[in-house]
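# Fold and geometry: a report
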Amino acid sequence: TVCREPAVIDLRRHNSNFCASHLQRFCRDQVQKAIDEFDMLTPGDRALVAVSGGKDSLAVWDILLELGYRADGLYIGLGIGDYSDTSKEHARRFAAERGAHLVEIDLPAEYGYDIPEGARAARRAPCSACGLTKRHLFDQAAVDGGYDVLVTGHNLDDEAAGLFGNVLHWHTEYLARQLPVLPAGNGFPRKVKPLVRLSERETAAYCIVRGIEYQVEECPMAAGNRHLGYKEALNTIEERSPGTKHDFYFGFLDRAAALLRAGIGTDAG
Ligand code: AMP
Ligand code: FES
């Protein structure tokens, strides 16, 4: 309704169609809104963006740079065959095209194991071993590099699916920490998720209109995991009732997250 350019995407939960340039503006505005609403970043902060080479983390890095934030990237080579090799190429190309700084950590070369081996040794599911390893390396790299804040590319679909899984199993400890900002503490950097107001479809469309090439494949180790099942279930519901994921996640933040934190703080949870 505001311009005559051809629409590239329809967003049913916003009752709108967007052309390429308004889609970019929409995505930047949603990120800025999340940053302001949850006090994620100040213009002087040095941010380290964890980039997997996928659409979300490259989109958030791009948007932060476009908005004028100081943001370097961090890529962790997890040793998952071709998947890791192409992911690294995407992260490197993105950084080189923008003259941005990319910190790289190679798990097999620097720590002597890759994710498939590490998961076998720890007798954990690969995604759980991988999540633990990544969180540890994110913290370490942010602290070593003197960064104020660690940024990840978690989007609305990720957060709604995480919330869904945590509610289905009543993981109250996880629920209390499922927030878009975790404050710094105990040698850990502040952690923020500026894409919580954007869906996967929106970040993918953003990358396409910005000409950002990204890793399209899902991680081969993640196939069939529970998290993907929760995403599919929510997609089915969202298809019938657009806006459900947003209401589920932001309703949780507005109405339940503080109660859970208080409950756990007083040991009543
Ligand atoms: P995942 O745990 O794969 O859902 O990824 C969640 C977030 O972690 C992504 O949006 C990225 O910000 C970050 N991330 C995932 N894989 C890597 C990686 N190999 N190197 C750096 N950051 C990553
Ligand atoms: Fe971690 Fe796939 S990226 S198991």
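Computed from a predicted model, the values in this text were never measured in an experiment.

Definitions and cut-offs
- Residues numbered from 1 in each chain as written.
- Chains lettered and ligands numbered in written order.
- Predicted model: local features only at pLDDT ≥ 70, side-chain atom pairs only at ≥ 80, totals over all residues.
- Heavy atoms only, no water.
- Salt bridge = Lys/Arg side-chain N within 4 Å of Asp/Glu carboxyl O.
- Helix = DSSP H or I, 4+ residues; strand = E, 2+ residues; numbered from the N terminus.
- Buried < 20%, exposed > 50% of the residue type's maximum accessible area, 1.4 Å probe, protein only.
- Core = buried A, V, L, I, M, F, W, Y, C linked by side-chain atoms within 4.5 Å.
- Contact = heavy atoms within 4.5 Å.

Inspection of every chain in the model, using the stated rule, returns 19 salt bridges. Where D62 meets R98, a salt bridge forms, and the shortest distance between an N and an O atom there is 3.1 Å. Of the two residues, D62 is situated in helix α2 (residues 55-66) and R98 in helix α3 (residues 81-98); the sequence distance between them amounts to 36 residues. Here D62 falls in the buried class, since its relative accessible area comes to 1%. By relative accessible area, which is 30% here, R98 ends up partly exposed. Measuring nitrogen to oxygen at the nearest pair gives 3.6 Å for the salt bridge that ties R93 to E213. Of this pair, R93 sits in helix α3 while E213 sits in the loop between α9 (200-210) and α10 (226-240), and the two are 120 residues apart along the sequence. Overlapping salt bridges bring together R28, D62, E66, E97, R98 and R210 as one network.

To continue, consider the nonpolar core. Judged by nonpolar contacts, the single largest core of 52 residues is most densely connected at M40, L41, V49, V51, W61 and L64. Here V49 is in contact with S57, V60, W61, L64, A71, D72, G73, L74 and V151, once residues within four sequence places are set aside. In this structure, A50, L137, Y147 and C219 belong to the second largest nonpolar core, which totals 19 residues.

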